Amino acid sequence: MVSTSLPALNVNLSRIRTAIQALQPQLVEWRRVLHQRPELGFQEELTAGFVAQKLREWGIPHQTGIAQTGVVATVTGSQPGPVLAIRADMDALPIQEENEVPYRSQHPGKMHACGHDGHTTIALGTAYYLSQHPERFAGTVKFIFQPAEEGPGGAEPMIREGVLQNPQVDAVIGLHLWNNLPLGTVGIREGALMAAVELFDCTIQGRGGHGAIPQQTIDAIVVASQVVNALQTIVSRNVDPLKAGVVTVGSFHAGHANNVIADTARLTGTVRYFDPSLKGFFRERMEQIISGICQSYGATYHLDYDEFYPPVINDRNIANLVRSIAEEVIETPIGIVPDCQTMGGEDMSYFLQEVPGCYFFLGAANLSKGLAYPHHHPRFDFDETALGMGVEIFARCVEKFCQA
Ligand code: NI
């Protein structure tokens, strides 16, 4: 059940500065507190409360209740300068944790199985470190603690509520702890890092009847089967082969008895692509295919199509800045995975549509410690050494972008 294809690197932590290394036990402690109290999207009351309590303790100005459970904090450098936002998501998943660890989830059926407890911790640690070292940067760092990344999406409502204004954000960075990469690596690229996520739900209405008298029926299973097959041609025949795309039918529900022809069939699935110019294309082609097939069999249909998250597109300059910092921290060029891309999605994309920025993957798997289960798995866990590395990378990005 391990997902890491790359060998573990010999992680050299010598580039992590003493003050951040000294913070490591607290980072682990905060992460484990958060891990034990996972909350689903827009229910992050305890999580946001924990974040706000720490910010209060450290005297960092912040606002709570943004897009329901979001928190925004600002840390100011010793001189005026640009505004950099650091975004961390806070929500967990509806999964029952199967790890037998002392810090396992205390909330039945809920689990931090994607590492967002780590993201919240890294942002908190960075805020603390920078608040202790305002002389190291000029300008303002805005920390965006975002709800509901796993859905229905907290980034868009936070933007609507003005988190990128007052002061106006010049650039945004964020990271995802990533078990597809071993500890000691960073996956980064300019342009598309993660895919657009679109969701569809199609009901095909035929005419049911006796399993032995098909001539009186319109068999919804036969019609829906043609649809499933024909949908495969969108990627194979309609999309430019040099542009990637996925059409997945994830569920097919129809019928209930062996001698009854099904009246309706329901198909649900997801569409993924990187190129923003493909927006609208899959939806249109899907509608054409479904409507043509249904018409030819005398069936009708209803298609719900949701353009859920746009693709995550990194700005070239900010991606180069983050890459150069990651190279400094990791020290070995082998630790940078330059063309890391996944068809997974993220609502960080909404921030990146508004301001230039960079989202990147921080390798967090460690096979030798048994920490390599994939994200969203009931045994997901990551190497907490990555927490300090994340703080170091963020802190150095601030110092470079907001040079004092
Ligand atoms: Ni995630």
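Everything quoted here is computed from the prediction, not taken from an experiment.

J.: Sorry if this is basic, but what is going on with the overall build of the protein here?
T.: Across its full length, the protein holds nine helices and 16 strands. Here the C-alpha radius of gyration of the protein, 24 Å, is about what a compact globule of 404 residues would show, namely 22 Å. Principal-axis analysis of the C-alpha atoms places the extent of the protein at approximately 80 × 45 × 40 Å. Going through the 404 residues of the protein one by one, you find that 54% of them count as buried. In the protein, the proportion of contacts linking residues at least 24 apart, taken out of those at least 6 apart, comes to 82%. Surface accessibility of the protein: about 16600 Å² in total, with carbon and sulfur atoms responsible for 50%. Measuring between centres, the 28 positive side-chain charges of the protein sit 3 Å from its 42 negative side-chain charges.

J.: Can you help me understand the coordination of the nickel ion in this one?
T.: Geometrically, a metal with four donors at the corners of a regular tetrahedron has ideal angles of 109.5 degrees, and one with six donors at the corners of a regular octahedron has ideal angles of 90 or 180 degrees. Within the protein, the nickel ion binds to Cys-114 (SG), His-116 (NE2) and His-176 (NE2); these donor distances fall in the range 2.2 to 2.3 Å. What makes His-176 buried here is its relative accessible area of 3%.

J.: What's the story with unusual backbone geometry in this structure? I'm lost.
T.: Most peptide bonds are trans, and most residues other than glycine sit at a negative phi. Of note, the amide linkage connecting Gly-151 to Pro-152 takes the cis form, showing an omega dihedral of 5 degrees. On the secondary structure map, Pro-152 appears in the loop between β4 (138-146) and α4 (155-160). For the bond running from Asn-166 to Pro-167, omega is 0 degrees, close enough to zero to count as cis. As for its placement among the helices and strands, Pro-167 is situated in the loop between α4 and β5 (171-182). We note that Phe-42 has phi near 65 degrees; this positive angle belongs to a residue other than glycine.

J.: How should the sheet that holds strand β3 (residues 79-89) be read in this particular structure?
T.: Sheet strands pair via backbone hydrogen bonds, and the direction of the pair is either parallel or antiparallel. Read across the open sheet, the eight strands follow the order β1-β2-β4-β3-β5-β16-β6-β15; overall the sheet is mixed. Every interior strand has two partners, whereas the edge strands, β1 (62-66) and β15 (336-337), have only one. Relative to strand β2 (residues 70-76), β1 is paired through three bridges, and the arrangement is antiparallel. Opposite Gln-63, over in β2, you have Val-72 as the bridge partner.

J.: Even after reading the chapter, I still don't get helix α6 (residues 281-297), so can you show me in this structure?
T.: Note on helix geometry: an α-helix contains 3.6 residues per turn, so any two residues three or four positions apart are oriented the same way. Spanning 17 residues, α6 covers 25 Å between terminal C-alpha atoms, matching the ideal 24 Å at 1.5 Å per step. Of all the residues in α6, the buried ones are Phe-282, Met-286, Ile-289, Ile-290, Ile-293 and Cys-294. The arc enclosing the buried residues of α6, seen along the axis, measures out at 120 degrees, which places them on a common side. In this structure, α6 carries Gln-295 and Ser-296 as exposed residues pointing more than 90 degrees from its buried face. On its buried face, α6 is in contact with β8 (196-205), α5 (220-238), β10 (245-254), β12 (264-273) and β13 (300-309). Looking one or two places after α6, you find Gly-298, whose phi comes out positive at around 80 degrees.

Cut-off values and rules
- Residues numbered from 1 in each chain as written.
- Predicted model: local features only at pLDDT ≥ 70, side-chain atom pairs only at ≥ 80, totals over all residues.
- Heavy atoms only, no water.
- Helix = DSSP H or I, 4+ residues; strand = E, 2+ residues; numbered from the N terminus.
- Rg over C-alpha atoms; globule rule 2.2 N^0.38 Å.
- Buried < 20%, exposed > 50% of the residue type's maximum accessible area, 1.4 Å probe, protein only.
- Contact = heavy atoms within 4.5 Å.
- Areas by Shrake-Rupley, 256 points an atom, 1.4 Å probe, with all protein chains shown as cover.
- Lys, Arg positive; Asp, Glu negative; His and termini not counted.
- Charge placed at Lys NZ, Arg CZ, Asp CG, Glu CD.
- Donors = N, O, S within 2.8 Å, 3.2 Å for Na, K, Ca; no water.
- Pairing = 2+ DSSP bridges.
- Expected span 1.5 Å × (residues − 1).
- Arc of directions from axis to C-beta.

So far we have only geometry, and geometry alone does not tell us how the molecule works.
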